[in-house]
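Here is what each chain is made of, one letter per residue.
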Amino acid sequence: MKRALLILLLSCLPLASQAAAERTLQTGMPATNVTHVSIDAGVGQLKLTPSTDDKLHVQVELQQKSENFLWFFHWMSHSTAREIAAVTLQQKTENDDVTYSLDYPRHLDEDDVKQIWTVEVPARLSVKVRMKVGEMTVLGVSGGVDAKLEVGQLTLKTQGSPVKASVNVGQIRATSAAVQPGNIRISSNIGDARLEMPN
């Protein structure tokens with residue numbers, strides 16, 4: 001009976017050896033007249049660091065998500081290479097504000113695709129980052145940070161203020177060199193939020 005059940009479970013799952021679909025998107029621009037950058041991310045990872053030039057650099061690696069059952073059976077999500085190939089990286093400029101986001105085909109579930117964001121911006125800019133689920137890291141920004149993560153872990157190390165960081169479910173680890181603690185607000189509705197300040 002147990003053997004029959006195992007065979008049935010295996011027959012219901014796509015082949016684990018199916019090749020995962022991957023794609024990398026890139027864009028960027030000079031930041032001469034830019035003062036604020038916004039990023040809208042989905043599920044995956046995001047790391048934002050200072051750029052070594054006065055330019056914006058954005059790279060997003062798209063990966064087909066791996067699903068699992070009973071921590072043993074693994075298979076790929078329903079997204080396909082063709083659907084992932086239709087995703088575009090949007091760069092929208094309005095006055096001194098630049099916004100980056102992904103545009104998905106109507107029939108593709110955004111949550112079926114893992115996003116790995118690598119972002120570099122001049123440290124002087126203020127940044128606003130929104131992300132659904134995953135790991136968000138923001139380092140070395142001095143122009144101000146507004147970061148919100150729905151579920152996951154947020155790591156923040158800034159050189160200035162204001163700083164506003166929140167996680168709905170998860171953890172925040174924040175370190176700030178700002179000299180005005182009143183301009184810093186961090187919160188986690190369900191989880192832990194820690195702030196370290198210079199002595």
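S.K.: Tell me about the environment of Leu89, residues and numbers included.
M.R.: The residue Leu89 is located in strand E6 (residues 88-94) in this model. In the structure, Leu89 is positioned 30 residues away from Gln59 in sequence and 8.9 Å away in space, judged by C-alpha atoms. If sequence neighbours within four positions are ignored, Leu89 has contacts with Leu25, Gln26, Thr27, Val58, Val60, Ser101, Leu102 and Trp117.

S.K.: For unusual backbone geometry, give the residues involved together with the corresponding values.
M.R.: The phi angle at Asn95 is positive, at roughly 55 degrees, despite the residue not being glycine. Note on placement: Asn95 falls in the loop between E6 and strand E7 (97-103).

S.K.: Account for a positive patch on the surface, naming residues and giving values.
M.R.: Taken together, the side chains of Lys128, Lys148, Lys164 and Arg185 define a basic patch exposed on the protein surface. Assignment of secondary structure puts Lys164 in strand E11 (residues 163-176).

S.K.: Quick one: what's the story with the confidence of the model for the protein, residue by residue and with numbers?
M.R.: Detailed reading of the predicted coordinates is not advisable wherever pLDDT falls low. With 78% of its residues at a pLDDT of 70 or more, the protein has an overall mean of 83. Confidence over residues 4-18 falls short of pLDDT 50; this stretch has 10 contacts with residues more than four positions distant or in other chains. Contacts from residues 71-76, a stretch scored under 50 in pLDDT, to residues over four places away or in other chains number 22 contacts.

S.K.: A description of the nonpolar core should follow, citing residues and the corresponding values.
M.R.: Where a protein is soluble and globular, its nonpolar side chains tend to be buried together. Within the largest apolar cluster, 43 residues are counted, with the highest numbers of intra-cluster contacts made by Val37, Leu46, Leu48, Leu62, Leu102, Trp117 and Met136. For this core, the secondary-structure elements that each account for two or more residues are strand E2 (36-50), strand E3 (55-64), E7, strand E8 (113-121), strand E9 (126-141), strand E10 (145-158) and E11. If near-sequence neighbours (up to four positions away) are discounted, Met136 is found in contact with Leu46, Val129, Met131, Ala147, Lys148, Leu149, Gln153, Leu154 and Thr155.

S.K.: Could you give an account of the pattern of salt bridges, with specific residues and numbers?
M.R.: A pair can form between side chains of opposite charge whenever their charged atoms are brought close. Taken as a whole and judged by the stated rule, the model has 4 salt bridges. The closest approach of N and O atoms between Asp146 and Arg130, which form a salt bridge, is 3.2 Å. Residue Asp146 is located in strand E10, and its partner Arg130 is located in strand E9; the two are separated by 16 residues in the primary sequence. When its relative accessible area of 25% is taken as the criterion, Arg130 is described as partly exposed.

Cut-off values and rules
Residues numbered from 1 in each chain as written. Predicted model: local features only at pLDDT ≥ 70, side-chain atom pairs only at ≥ 80, totals over all residues. Heavy atoms only, no water. Helix = DSSP H or I, 4+ residues; strand = E, 2+ residues; numbered from the N terminus. Contact = heavy atoms within 4.5 Å. Patch = residues over 30% accessible without salt bridge, like charges linked within 9 Å, V, L, I, M, F, W, Y side chains within 5 Å. Areas by Shrake-Rupley, 256 points an atom, 1.4 Å probe, with all protein chains shown as cover. Salt bridge = Lys/Arg side-chain N within 4 Å of Asp/Glu carboxyl O. Lys, Arg positive; Asp, Glu negative; His and termini not counted. Charge placed at Lys NZ, Arg CZ, Asp CG, Glu CD. pLDDT = per-residue confidence, 0-100. Core = buried A, V, L, I, M, F, W, Y, C linked by side-chain atoms within 4.5 Å. Buried < 20%, exposed > 50% of the residue type's maximum accessible area, 1.4 Å probe, protein only.

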